[in-house]
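# Structure at a glance
Spelled out from the first residue to the last, the chains are:
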Amino acid sequence: MLKTTILKKLKQWRLVAVIAKDVRRSALKERMLYGFLLLALLFVLMANVPFIVKDPKVFDNQPPEVAAVQIGFVSINIFILLIAIFISLTTLQNFLAKEKLALLLSKPVWRWQIIEGIILGLYQMIFLNWFLLTAGVWLVVFSHTKSLSFYIWQGMSVTALLAFFYVTLVVFFYCILPNIMAGLFTFFMLIAGFGVNFAHDMFARGPYPFFLRKSLILGLNVLPKINDLWGVSMRSLKLFRIDVHPTPIILHTILLIIVLNILTSFKFRRFGRT
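Residues numbered from 1 in each chain as written. Predicted model: local features only at pLDDT ≥ 70, side-chain atom pairs only at ≥ 80, totals over all residues. Heavy atoms only, no water.

### Some details on unusual backbone geometry
Apart from glycine, the bulk of residues carry a negative phi angle, and the bulk of peptide bonds sit in the trans form. Heads up, the condition is: Each helix is a run of H or I in the DSSP string that is no shorter than four residues. Each strand is a run of E no shorter than two, and both are numbered from the N terminus.
The backbone of Ser149 sits at a positive phi, close to 50 degrees, despite the residue not being glycine. By secondary structure assignment, the location of Ser149 is in the loop between helix H6 (111-145) and helix H7 (151-176). The backbone of Lys238 sits at a positive phi, close to 65 degrees, despite the residue not being glycine. If you trace the backbone, Lys238 turns up in the loop between helix H11 (226-236) and helix H12 (246-268).

### A few points about the packing of aromatic side chains
Cut-off, in case you're wondering: Between the rings of Phe, Tyr and Trp (Trp by its six-membered ring), a pair exists once the centres lie within 6.5 Å; its type follows the angle of the planes, with under 30 degrees stacked, over 60 edge-to-face, and the other angles tilted. When accessible area is computed with a 1.4 Å probe and restricted to protein chains, residues below 20% of their type maximum are described as buried, those above 50% as exposed, and intermediate ones as partly exposed.
Inspection of every chain in the model, using the stated rule, returns 12 aromatic pairs. Aromatic pair Tyr123 and Phe164: ring centres 4.6 Å apart, planes at 25 degrees, arrangement stacked. Of this pair, Tyr123 sits in helix H6 while Phe164 sits in helix H7; the two residues are 41 residues apart in sequence, bridging distant segments of the chain. Given a relative accessible area of 15%, Tyr123 falls into the buried group. Taking the relative accessible area as the measure of exposure, Phe164 reaches 26% and is therefore partly exposed. Aromatic pair Phe131 and Trp153: ring centres 5.3 Å apart, planes at 40 degrees, arrangement tilted.

### Some thoughts on the packing of helix H4 (residues 64-95) against H6
Formally: Note on geometry: axes are lines fitted to C-alpha atoms, helical ones only across the stretch in contact, with angles between N-to-C directions running from 0 to 180 degrees. Angles are sorted into four bins: roughly parallel if under 35 degrees, roughly antiparallel if over 145, roughly perpendicular if 65 to 115, and oblique for all others. Two helices crossing with the near one rotated counterclockwise from the far one by less than a right angle form a left-handed crossing, whereas a clockwise rotation gives a right-handed crossing. In this count, Pro and Cys sit with the nonpolar residues alongside Ala, Val, Leu, Ile, Met, Phe, Trp and Tyr, while Asp, Glu, Lys and Arg are called charged and the others, Gly among them, polar.
Relative orientation of the contacting elements H4 and H6 amounts to 160 degrees, with a least axis distance of 10 Å. Considering the angle they form, H4 stands roughly antiparallel to H6. The crossing of H4 and H6 is right-handed. Residue classes in the contact of H4 with H6 are distributed as 17 nonpolar, 6 polar and 1 charged.

### Here's the deal with the packing of helix H2 (residues 31-45) against H6
Selection rule: A contact between two residues is defined here by any heavy atoms of the two lying within 4.5 Å.
Relative orientation of the contacting elements H2 and H6 amounts to 20 degrees, with a least axis distance of 10 Å. One element, H2, and the other, H6, form an angle in the roughly parallel class. Considering the relative orientation of H2 and H6, their crossing is right-handed. Here Leu33, Leu37, Ala40, Leu41 and Val44 of H2 lie close against H6, whose contacting residues are Met125, Asn129, Leu132, Leu133, Gly136, Val137 and Val140. In terms of residue class, the contact of H2 with H6 is built from 10 nonpolar, 2 polar and no charged.

### Thoughts on H12
Where we set the bar: Helix span, as expected, comes to 1.5 Å for every residue beyond the first.
In this model H12 runs 33 Å from its N-terminal to its C-terminal C-alpha over 23 residues, within 8% of the 33 Å that 1.5 Å per residue would give. Along H12, the residues that are buried comprise Ile249, His252, Thr253, Leu256, Ile257, Leu260, Asn261, Thr264, Ser265 and Phe268.

### Notes on the side chain of Asn261
For clarity, the cut-off: Counting of polar contacts relies on pairs of N or O atoms within 3.5 Å, with two restrictions inside protein: one atom must be capable of donating a hydrogen and the other of accepting it, and residues adjacent in sequence are counted only when both atoms are side-chain atoms.
Here Asn261 lies in helix H12. From its side chain, Asn261 meets the backbone oxygen of Ile257 in a polar contact 2.7 Å long. Setting aside anything within four residues of it in sequence, one finds Asn261 in contact with Glu116, Ile119 and Thr168.

### Observations concerning the nonpolar core
We count it as follows: The definition of a nonpolar core used throughout is a set of buried Ala, Val, Leu, Ile, Met, Phe, Trp, Tyr and Cys residues joined through side-chain atoms within 4.5 Å.
Of all hydrophobic cores here, the largest spans 72 residues; its most connected members are Ile118, Leu122 and Val171. Among residues more than four places away in sequence, those in contact with Val171 are Leu92, Ile115, Ile118, Ile119, Leu122 and Thr264.

### Points about a nonpolar patch on the surface
Our working definition: Exposure above 30% relative accessible area and the lack of any salt bridge qualify a residue for a patch; like charges then connect within 9 Å, and the nonpolar side chains Val, Leu, Ile, Met, Phe, Trp and Tyr within 5 Å. The Shrake-Rupley method, run with a 1.4 Å probe, gives the accessible areas here. Residue values count only the displayed protein chains as cover. Each salt bridge in this description consists of a side-chain nitrogen of Lys or Arg and a carboxyl oxygen of Asp or Glu lying within 4 Å of one another.
Taken together, the side chains of Ile176, Leu177, Ile180, Met181, Leu184, Phe185, Phe188 and Ile191 present a nonpolar region at the surface, about 720 Å² in accessible area. Position of Ile176 among the secondary structure elements: in helix H7. With a relative accessible area of 40%, Ile176 lands in the partly exposed category.

### Considerations on the environment of Ala68
Position of Ala68 relative to the elements: it lies in helix H4. Put simply, Ala68 and Val49 are 19 residues apart on the chain and 7.5 Å apart in space, counted from C-alpha to C-alpha. If sequence neighbours within four positions are ignored, Ala68 has contacts with Ala47, Pro50, Phe51 and Val141.

Don't take any of this as a statement about function, it's just geometry.
What follows is the structure, given as structure tokens:
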């Protein structure tokens, strides 16, 4: 009985992997992706500048290695976000077109398998870009310092987690509004995530009724803590000494991703119906 159940689950996830492979291929064919990747690599190569410029005042007297990693951190986070939103939207528009969707639904496949396959395929594409860009920063630092600097991979792993959240958020909003508005709502959600700490303090101290204050704080606790995640990353990258506890922040993000996946799968049951 247990063996049969395990084999059934493996078969279901094998179908998810097949769909993910198809989605990844579709995403990697997007020309816009290579434009973003080329620009990102050019910005990453700017990490060489701190090692070339001899005047320490140019980079606020920071060591060249720290300045190089800081340039890489900013470049990778910006372009991973742009790739996650724009390439995901373009791929979703192609992959979830009525003709493609009708073909998928004509096969013996559950709707949750389709949506999980889409999210997994898009993340595979994003992860490949993250790996190339992080490797670029690491190679720049290694070529100048001859140090392995494994902390770069550890620090930038937070961006890989954020990329998974970006993709899940785009797909979630696309199942609600299958157009460019999904990208705009994703941007708005992330901007709101940046202001969580400030808004939390404002609502906690403001002259609001007890019920309203607690409701607002509860809503803020649901939002992604982008600032805190970046703080975890920057501390691991040895950019700043930030007092932040990584475990609850990372667990909160993983839980948010899981909940979004469940909600997206539920919403996708009605996607494309008239």
